[in-house]
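One letter stands for each residue in the lines below.
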Amino acid sequence: MAVNPIVRSLGPGVAAYLQLPGGWFLNNAGWLSGTEATLLIDTCATEARTRDLLAALHTHTPAEQRPVTVALTHAHGDHAHGAGLISRLGGTVLCRPTAATTIAAGPHTYPELFSYTDWGDITPLSDVQTITARTTLDLGPRRSAEIVPVPNTAHTDGDLVVWIPREGVLFPGDLVFTDVTPLAAHGSITGWLAALDWLADFEATHIVPGHGAMGAGPTRGLIAPLVDYFHWLLDVVHHGDPDFTALHHHACTRWHSWLDSERHAANLRIAHAEIHGYRCDGSTAMAAMTTFTGGTIPLNL
Ligand SMILES: [Zn+2]
């Protein structure tokens, strides 16, 4: 396996599970363990990676802290492909209703984008508990987590965040990327901007991004680069017929440290559609990326 996950303790029973540097399908996850139960935040893209996540969880938490409940921050396969496995192992899966619908229609492996096939068993689950309002999970003494639906379409139309108030730990899912190009192909750039503003109110001590390294300092410092980028996207597509190639080149230069720069091609099309009031279907955004890469995108999972 090319990437070895890192477990970072963030307080009693709280850990981030980091798969760095965090490009395509290398997401971050985490958990909160109490005496009554364990809450897992997200799964991984492949069966093998989800089994590694569970092995790390069991290594770092005592056996009596099961059963496992997993909260899926959204429906994307890197975060949700392992949910079926956890369900089949007796766990409970929580997600937004729209995410449940998307997951049930999967698994989504996008063969037009990726030639990767070694997913293992990622059969979707059919039994989820849907989250429609802010929900507190009590996992035992001094161990509680809040599952909070994002109030609008942002990264997707079914995002949620997990907030652990005692330690000030926020799992925002893919609302936050660090040094990885965010991808808005299934959401809304204006909605994502609104969600980032909403996110700042948590005043978290630790933020575990959906992809990329954890940053230090206040929430706004971590999300400011994303806010700049999304405003740029919306600003530069105001002309009806923008030069997407030149804009893509500019983005690659300006955000040169971000991985997966082909995503700029998709984001620019999404921004153009949003500003000019039409729908950009997913296949158009995907095709823009493979045109840039010159073929399917290699995965190293
Ligand atoms: Zn995602």
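See above for the structure.
The structure contained in this document is the topic of the report that follows. (Residues numbered from 1 in each chain as written. Predicted model: local features only at pLDDT ≥ 70, side-chain atom pairs only at ≥ 80, totals over all residues. Heavy atoms only, no water.)

### Focus: the overall build of the protein chain
- Within the protein chain one finds nine helices and 12 strands.
- Taking 2.2 N^0.38 as the reference for a compact globule, 301 residues should give roughly 19 Å; the C-alpha atoms of the protein chain span a radius of gyration of 18 Å, in line with that estimate.
- With the principal axes as the frame, the protein chain shows a C-alpha extent of 60 × 40 × 30 Å.
- Per-residue burial over the protein chain gives 56% buried out of 301 residues.
- A separation of at least 24 residues holds for 68% of the contacts in the protein chain among residues at least 6 apart in sequence.
- Counting only carbon and sulfur atoms, one obtains 51% of the accessible surface of the protein chain, whose full area is about 12,100 Å².
- If the 15 positive side-chain charges of the protein chain are averaged to one point and the 28 negative ones to another, these points end up 6 Å apart. (Helix = DSSP H or I, 4+ residues; strand = E, 2+ residues; numbered from the N terminus. Rg over C-alpha atoms; globule rule 2.2 N^0.38 Å. Buried < 20%, exposed > 50% of the residue type's maximum accessible area, 1.4 Å probe, protein only. Contact = heavy atoms within 4.5 Å. Areas by Shrake-Rupley, 256 points an atom, 1.4 Å probe, with all protein chains shown as cover. Lys, Arg positive; Asp, Glu negative; His and termini not counted. Charge placed at Lys NZ, Arg CZ, Asp CG, Glu CD.)

### A closer look at the coordination of the zinc ion
- The coordination sphere of the zinc ion, as far as protein atoms go, consists of His74 (NE2), His76 (ND1), His155 (NE2) and Asp174 (OD), spread over 2.1 to 2.2 Å.
- In this structure, the zinc ion is coordinated by four donor atoms arranged in irregular fashion, with angles at the metal of 88 to 169°.
- Look at where the donors of the zinc ion fall in the sequence and you get H-x1-H-x78-H-x18-D. Of this pair, His74 sits in the loop between strand E5 (68-71) and helix H2 (77-80) while His155 is found in the loop between strand E9 (143-149) and strand E10 (160-164), placing the two residues 81 residues apart along the sequence. Across the pair, exposure class does not vary: His74 and His155 are buried alike. (Donors = N, O, S within 2.8 Å, 3.2 Å for Na, K, Ca; no water. Tetrahedral: all angles 85-135°; square planar, octahedral: opposite > 155°, others 65-115°.)

### What to know about the sheet that holds E5
- One open sheet holds the seven strands; their spatial order is E1-E2-E3-E4-E5-E6-E7, and the pairing between them is mixed. Sheet topology places strand E1 (6-11) and strand E7 (129-130) at the edges, where each strand pairs with a single neighbour.
- Here two bridges tie strand E6 (residues 92-95) to E7, and the two strands are oriented parallel to one another. Bridge pairing in E7 links Cys95 to Thr130.
- The strands that helix H1 (residues 47-60) touches are E1, strand E2 (14-18), strand E3 (29-33), strand E4 (38-41) and E5; relative to E3, the one it contacts most, it runs at about 30°.
- Strands E6 and E7 of the sheet are contacted by helix H4 (residues 97-104), whose axis makes an angle of about 120° with E6. (Pairing = 2+ DSSP bridges. Axes fitted to C-alpha atoms, helices over the stretch in contact; angles between N-to-C directions.)

### A look at the packing of aromatic side chains
- Within the structure shown, the criterion is met by 15 aromatic pairs.
- Taking 5.0 Å as the distance between ring centres and 70° as the angle between the ring planes, the aromatic pair formed by Trp24 and Phe114 counts as edge-to-face. On the criterion of sequence distance, the pair formed by Trp24 in the loop between E2 and E3 and Phe114 in the loop between H4 and E7 is long-range, its members being 90 residues apart.
- A relative accessible area of 12% means that Trp24 is categorised as buried.
- By relative accessible area, Phe114 is classed as buried at 2%.
- When the centroid spacing of 5.3 Å and the interplanar angle of 85° are considered together, the rings of Trp198 and Phe202 count as edge-to-face.
- Taking relative accessible area as the criterion, Phe202 reaches 12% and is therefore assigned buried.
- Site record: aromatic cluster; members linked through ring pairs are Phe177, Trp192, Tyr229, Phe230, Trp232, Trp255 and Trp258.
- Here Arg263 stacks its cationic end above the ring of Trp24, 3.9 Å away from the centre of that ring.
- A cation over an aromatic ring shows up here: Arg269 above the ring of Phe244, its NZ or CZ 4.2 Å from the ring centre. (Phe/Tyr/Trp six-rings, centres within 6.5 Å; stacked < 30°, edge-to-face > 60°. Lys NZ or Arg CZ within 6 Å of the ring centre and 35° of its normal.)

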